[in-house]
Structures are given as C-alpha cells and as structure tokens.
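Inside the fold
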Amino acid sequence: PLTAIAGYAETLRDSAAEDPSICAKFAETILRNAQHMGTMVEDLLKLSRIESGEFKIVPQPMELGELFDFYCQAALGMANEKKLTFTGRMHNIAHNTLVADSVRMGQVYMNLLSNAVKYTPEGGKVQFEVYEEPAETDGDIRLVSIVRDSGIGMTKEFMGEMYSAFSRAVDTRVNRVRGSGLGLSIVKKIVDLMGGTIEAESKLRQGTTF
C-alpha cells in the first residue's frame, strides 16, 4: 500500500492543475490504500500483542443474542455491497447469558465473516450459524459457530499453512483481494487462548466452511 500511496501522491502533486476528475481518482486511490495500510498495521499490532503475552482473555457476562445480531448486521452490510446472499441463524440456545470475552469472540466472527464475503464472487452465498451443545464440564456449554460460503475455496496445500502469519494463497483470484494474510493467524491464536478449537473444510470453486 505504501508504494501506491507514494506513487499516486507524486502523480497528484505533479498533475494538480489538470482535470479535477483525474485528481479525484488519484486521491481516492490514495485513501483506499491508506485504509488498507491502517488495517495491516492493526493486524500486526494484534499479532504482536498475542505473541508477547499482552493479549488477555477477559470473560464477563454477555448476551449471546446481542453479539450474534451485531455481527449478522455487519456481515449483511458487507454482503449487500458485493451482491451476495447472507443468512444468519441462531438455534438450540438454552443459555443466552454467558460468561465469555465478547470482544475476542467478535474479532473471530468478524475475521471469518469478512473473509467469507471477500472471497465469494458476486451472486454467491454466505451463512452464519451459532448453536449450543452440552459440555462435559458442569456450568459450561459448547458453543458451535459456523461461517460457510460458496466462494473460491482453498487448496489442500494452502489449508496446511493457512494459520501461519502472512499466509495467502498463490492464486490470481486471491491476489485481486486486499488482505494482510494475518486474519486467520489471529483467529487461530484467539481461539486457542479461549480454549476452543477451529476446523475448516474447503473445495476449490465450491466454497469454504469454518
């Protein structure tokens, strides 16, 4: 992103007296890359905090339904922009009030949902499902969260390294999508810190389920 920011800023400076519409286009490119750069920096800081041990899980009473609705609305907004069909379903919930870190859960949900939207072509589908299962320990529940898409899918080779930092599939379809390659690494580390597990199924051109 810095290369694009610097390059278009220089071009904008040198062509300031030219067509205003061209200048506006250059400025939009600079803004878009600056936003992308900001996201990359945020992801790097999160990963650094996790690896240094500063990233803490803070369980507090939370309402699961409110959390689910919030990220459904966020995903619906992203999906509408790409002309995707989004559906959210929460079911079999016996305990809506839980003691958990809603901020960290939200970071997991947002990373997975935004990836599902990014890597699903126009006209595709993204689904978000949450349900409860009994846990082996009294006072606990097993919360199952599923993010499913009909997107471009992943190869078995990439799935073997997808949780590594900066991993991005070597694929022209992926290269057109902006990303830091840190999202899944952050998701995996948060899930591990929360004592959970994450699994994925994917087929090329058929979609992915986390």
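About the cut-offs
Residues numbered from 1 in each chain as written. Predicted model: local features only at pLDDT ≥ 70, side-chain atom pairs only at ≥ 80, totals over all residues. Heavy atoms only, no water. Helix = DSSP H or I, 4+ residues; strand = E, 2+ residues; numbered from the N terminus. Buried < 20%, exposed > 50% of the residue type's maximum accessible area, 1.4 Å probe, protein only. Contact = heavy atoms within 4.5 Å. Core = buried A, V, L, I, M, F, W, Y, C linked by side-chain atoms within 4.5 Å. Phe/Tyr/Trp six-rings, centres within 6.5 Å; stacked < 30°, edge-to-face > 60°.

1. Concerning the overall build of the protein
Scanning the protein from terminus to terminus reveals seven helices and seven strands. For the protein, the sequential pattern of α-helices and β-strands runs α-α-β-α-β-β-α-β-β-α-α-α-β-β. Taken across its 210 residues, the protein has 38% of its residues classed as buried. Long-range contacts, defined here as pairs at least 24 residues apart, represent 69% of the contacts in the protein between residues at least 6 apart.

2. Observations concerning the nonpolar core
Core analysis: the biggest nonpolar cluster contains 38 residues, and F86, Y109, L113 and F128 have the highest contact counts within it. Listed by contribution, the elements that provide at least two residues to this core are α2 (20-52), α3 (64-81), β3 (97-100), α4 (102-118), β4 (125-134), α5 (156-159) and α7 (183-193). Apart from residues no more than four positions distant in its own chain, F128 is found in contact with F68, Y71, C72, F86, T87, G88, R89, Y109, L113, I146 and V147.

3. Some words on the packing of aromatic side chains
Counted by the stated rule, this structure contains four aromatic pairs. Both rings, one in Y71 and one in Y109, keep their centres 6.3 Å apart while their planes meet at 70°; by these two values the pair is edge-to-face. Taken as a pair, Y71 in helix α3 and Y109 in helix α4 lie far apart in primary sequence, 38 residues in all. Across this residue pair, the class does not change: Y71 and Y109 are buried. Between the aromatic rings of Y109 and F128, the centroid separation amounts to 5.0 Å while the plane-to-plane angle is 70°, which identifies the pairing as edge-to-face.

Treat this as a map of the structure, not an account of what it does.
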